Amino acid sequence: MTKQLGIIGYPLGHTLSPVFQQAALDACGIDARYVAWETPPERLHDRLRQLRAPDVMGFNVTVPHKEAVIPLLDALSEWARDLGAVNTVVNQSGRLTGHNTDADGFLRALKQEGGFNPRGAAVLVLGAGGSARAVVLSLAREGAASVTIANRTLARAEALAAEVRARGGQSHAVQLDDAHLAEALRTPPGLIVNCTTLGMAHGPAEGQSPLPARLIPKAALVYDLVYRPAVTPLLQAAQQSGARTLGGLPMLVYQGAAAFTLWTGREAPVQAMFAAARKALAVAA
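The sections below set out a description of the structure shown in this document.

## Quick word on the packing of helix 4 (residues 102–113) against helix 5 (residues 130–141)
Relative to each other, helix 4 and helix 5 sit at 65°, their axes nearing to 9 Å. Between helix 4 and helix 5 lies a crossing whose hand is right-handed. Where helix 4 approaches helix 5, its residues Asp 102, Ala 103, Phe 106, Leu 107 and Leu 110 are matched on the opposing element by Ala 134, Val 135, Ser 138 and Leu 139. For the contact of helix 4 with helix 5, the per-class residue count stands at 7 nonpolar, 1 polar and 1 charged.

If you want it as structure tokens, here you go:
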């Protein structure tokens, strides 16, 4: 019997997950189909009941369901509970266990593709939403010396910074605007991570960068979690300043690879996944 895997979220027109996850399944000879199950919030409960079926191996979860899905699950991994968000669910005989592979994907891309070890580093994180939370807490867990969180709504950044401090890390919050960022960047960070949607293709802030080139330190690695377009306005600005850059596609693929292993118990064929994702992005460009 052909098994099922997929992703739930709303909307899902932008997702690359079916492309690279199906490539991984095919490369491993696994008889399963990975599909997009577009699920508006009012249908989440019904969708979860359906996904307990014996032919469903599991599924990914994306916005706006990463937190809302938690009360509907039977168990959580320690890291998913810590982050308060789920992006991967494993179905074992109708029992649904939530995991979070975002941090794993972020760190693997940072270390392997960016060649950057965050231990002892000063980091500037732009944004304070769900992806920023996974990034900030994983950086603190990895031993970053300090994490500055910049967000348009300062209270959200302050709450996240306070959580880092409560865990023994060093963190503070600033307003996400040029004046406050210029002050924060007087001591240049080794790593800048964009967790906002600024610059995302077809988004409300397409063509915008959260940082101008003049504020980007030449010695920094600038890591933009946005993967469409491949070279975002922020990465263009970073290149102008002479900084190294890392786009969001490796994190997307690596978090998907970690999910693939949870579902199948097999090492993910990441090269096949990257090839499929890059081909899809090139076609869409």
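## Examining the pattern of salt bridges
What the rule picks out here adds up to 9 salt bridges. With a shortest N-O distance of 2.7 Å, Lys 111 and Glu 142 are connected by a salt bridge. Linking Lys 111 in helix 4 with Glu 142 in the loop between helix 5 and strand 8 (146–151), this pair joins segments that are 31 residues apart in sequence. Among the residues examined, Lys 111 registers a relative accessible area of 38% and is labelled partly exposed. The network of salt bridges with shared partners includes Asp 82, Arg 133, Glu 163 and Arg 167.

## Focus on the sheet that holds strand 3 (residues 56–61)
Pairing within the open sheet is mixed, and its 6 strands lie in the order 2-1-3-5-6-4. Two strands bound the open sheet, and with one partner strand each, they are strand 2 (32–38) and strand 4 (75–76). One ladder, built from 2 bridges, connects strand 4 with strand 6 (residues 95–99); its direction is parallel. Considered in strand 6, the bridge of Leu 76 is made with Gly 98.

## Overview of the environment of Cys 195
Its place among the elements puts Cys 195 in the loop between strand 10 (191–194) and strand 11 (221–224). Ignoring sequence-local partners within four residues, the contact set of Cys 195 consists of Val 125, Leu 126, Ser 131, Ala 132, Val 135 and Leu 225.

## Observations regarding the packing of aromatic side chains
For the structure shown, the criterion picks out 3 aromatic pairs. With a centroid separation of 6.1 Å and 50° between ring planes, the pair formed by Tyr 34 and Trp 263 is classed as tilted. In this pair, Tyr 34 sits in strand 2 while Trp 263 sits in helix 9 (residues 249–264), placing the two residues 229 residues apart along the sequence. Like Trp 263, Tyr 34 is buried. Seen from their ring centres, Tyr 254 and Phe 274 are 5.4 Å apart, and the 85° between their planes marks the pair as edge-to-face. With Tyr 254 in helix 9 and Phe 274 in helix 10 (residues 270–284), this residue pair connects regions lying 20 residues apart in the sequence. You'll find Tyr 254 and Phe 274 in the same group, each marked buried. Across the ring face of Trp 79, the terminal group of Arg 141 is positioned such that the distance to the ring centre comes to 3.8 Å.

The rules behind these values
In this numbering scheme, every chain counts its residues from 1 along its sequence in written order. The model is predicted, so local features are restricted to residues of pLDDT at least 70 and side-chain atom pairs to those at 80 or more, both for listing and for counting; the totals for chains, interfaces and linings are taken over all residues. Hydrogens and water are ignored here; the side-chain numbers use all heavy atoms of the structure. An axis is simply a line fitted to the C-alpha atoms; with a helix, the fit covers only the stretch in contact. Between two such axes, the angle follows the N-to-C directions and lies from 0 to 180 degrees. For the purposes of this entry, the term helix denotes a DSSP run of H or I that reaches at least four residues, the term strand denotes a run of E that reaches at least two, and both are numbered from the N terminus. Left-handed describes a crossing whose near helix is turned anticlockwise from the far helix through less than a right angle; right-handed describes the clockwise counterpart. Residue contacts follow a heavy-atom distance rule, with two residues in contact if any of their heavy atoms lie within 4.5 Å. Polarity classes work like this: nonpolar for Ala, Val, Leu, Ile, Met, Phe, Trp, Tyr, Cys and Pro, charged for Asp, Glu, Lys and Arg, and polar for all others, with Gly in that last group. Here, a salt bridge means any side-chain nitrogen of Lys or Arg that lies within 4 Å of a carboxyl oxygen of Asp or Glu. Under the scheme applied here, a residue whose accessible area is under 20% of the maximum for its type counts as buried, over 50% as exposed, and between as partly exposed, the area being computed with a 1.4 Å probe on protein chains only. DSSP-based pairing: two strands are paired if at least 2 bridges between them are found. Pairing of aromatic rings covers Phe, Tyr and Trp, the last counted by its six-membered ring, and requires centre-to-centre distances within 6.5 Å; plane angles under 30 degrees mean stacked, over 60 mean edge-to-face, and any other angle means tilted. For a Lys NZ or an Arg CZ to count as sitting over a ring, it must be within 6 Å of the ring centre and within 35 degrees of the ring normal.

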